[in-house]
Amino acid sequence: RLKQDRMALGSTPGSLEVWLLMRSLRTLHLRAERQSQTATQLSGWLHEATKDKSHVLFGLVHSVQHPSLGAALTVASKQMKGFGGCFALELSTEAAAKALPGALKLFRSATSLGGVESLIEWRRKWDSAIS
């Protein structure tokens, strides 16, 4: 297995790759903190749509999951400063869930956690076991 990995990836990273890695690590803490803040604010705003009849998205959003929406004394709040940059939402209809990724302008429809872009995914597109 090691031999296959070295053939595909090389035994050591190139100088450009190392430079890019070092450059990105310098600001990782800032980017992760901002992602967490944004996800907390956005998930909170979307969560309001499940309760507030005057919310612009009332009736469209069925549920939102993010650690910031849970109990105040969770393990995450004891161990970390934030709650992470990912959250999940369930829309009221399958048609709305299917249409949402293509309707957004600031989010890309993709399955990845490795880039800097804001991403959205309709998970059922890839996994029919998801309800």
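Rules and cut-offs
Residues numbered from 1 in each chain as written. Predicted model: local features only at pLDDT ≥ 70, side-chain atom pairs only at ≥ 80, totals over all residues. Heavy atoms only, no water. Helix = DSSP H or I, 4+ residues; strand = E, 2+ residues; numbered from the N terminus. Rg over C-alpha atoms; globule rule 2.2 N^0.38 Å. Buried < 20%, exposed > 50% of the residue type's maximum accessible area, 1.4 Å probe, protein only. Areas by Shrake-Rupley, 256 points an atom, 1.4 Å probe, with all protein chains shown as cover. Lys, Arg positive; Asp, Glu negative; His and termini not counted. Charge placed at Lys NZ, Arg CZ, Asp CG, Glu CD. Salt bridge = Lys/Arg side-chain N within 4 Å of Asp/Glu carboxyl O. Patch = residues over 30% accessible without salt bridge, like charges linked within 9 Å, V, L, I, M, F, W, Y side chains within 5 Å. Core = buried A, V, L, I, M, F, W, Y, C linked by side-chain atoms within 4.5 Å. Contact = heavy atoms within 4.5 Å.

S.K.: So what about the overall build of the chain? Which residues, and what values?
M.R.: If you tally the helices and strands in the chain, you get 5 helices and 4 strands. Going residue by residue from the N terminus, the α and β elements of the chain occur as α-α-α-β-α-β-α-β-β. A compact globule built from 131 residues would reach a C-alpha radius of gyration of about 14 Å, whereas the chain, at 19 Å, exceeds it by more than 25%. Taking the principal axes of the C-alpha coordinates as reference, the chain spans close to 60 × 35 × 30 Å. The burial tally for the chain puts 14% of its 131 residues in the buried class. Of the roughly 10400 Å² that the chain leaves accessible, carbon and sulfur atoms contribute 59%. With 17 positive and 10 negative side-chain charges, the chain shows a spacing of 5 Å between the two charge centroids.

S.K.: Which residues make up the pattern of salt bridges, and what values do they have?
M.R.: The final tally for this structure, using the stated rule, is 5 salt bridges. Residue Lys-51 is joined to Glu-48 by a salt bridge in which the shortest nitrogen-to-oxygen separation is 3.6 Å. Classification of Lys-51 as exposed rests on a relative accessible area of 53%. Measuring nitrogen to oxygen at the nearest pair gives 3.5 Å for the salt bridge that ties Glu-94 to Arg-124. Here Glu-94, found in helix α5 (residues 94-103), pairs with Arg-124, found in the segment after β4 (119-120); they are 30 residues apart in sequence, far enough to count as distant. On the basis of relative accessibility, which here comes to 35%, the residue Arg-124 falls in the partly exposed class.

S.K.: Provide a residue-level description of helix α1 (residues 2-9), including the pertinent values.
M.R.: Burial runs low along α1: only 0 of the 8 residues are buried. Positive phi appears at Gly-10, one or two residues downstream of α1, with a value of about 90°.

S.K.: Tell me about a nonpolar patch on the surface, and name the residues and values.
M.R.: On the surface, Val-18, Leu-21, Met-22, Leu-25 and Leu-28 cluster together to form a nonpolar patch covering roughly 420 Å² of accessible area. The element contributing the most residues to the nonpolar patch is helix α2 (residues 15-26), with 4 residues. Summarising the element assignment, Met-22 is placed in helix α2. Take Met-22: its relative accessible area is 42%, and that puts it in the partly exposed class.

S.K.: Tell me about the nonpolar core, and name the residues and values.
M.R.: In this structure, Leu-46, Ala-49, Val-61, Val-64, Leu-91, Ala-96, Ala-97 and Trp-122 together form the largest nonpolar core, which totals 8 residues. Looking at this core, the elements with two or more residues in it are β1 (61-65) and α5. Excluding its chain neighbours within four sequence positions, the residues that come into contact with Leu-46 are Leu-57, Val-61, Val-64, Phe-87 and Leu-89.

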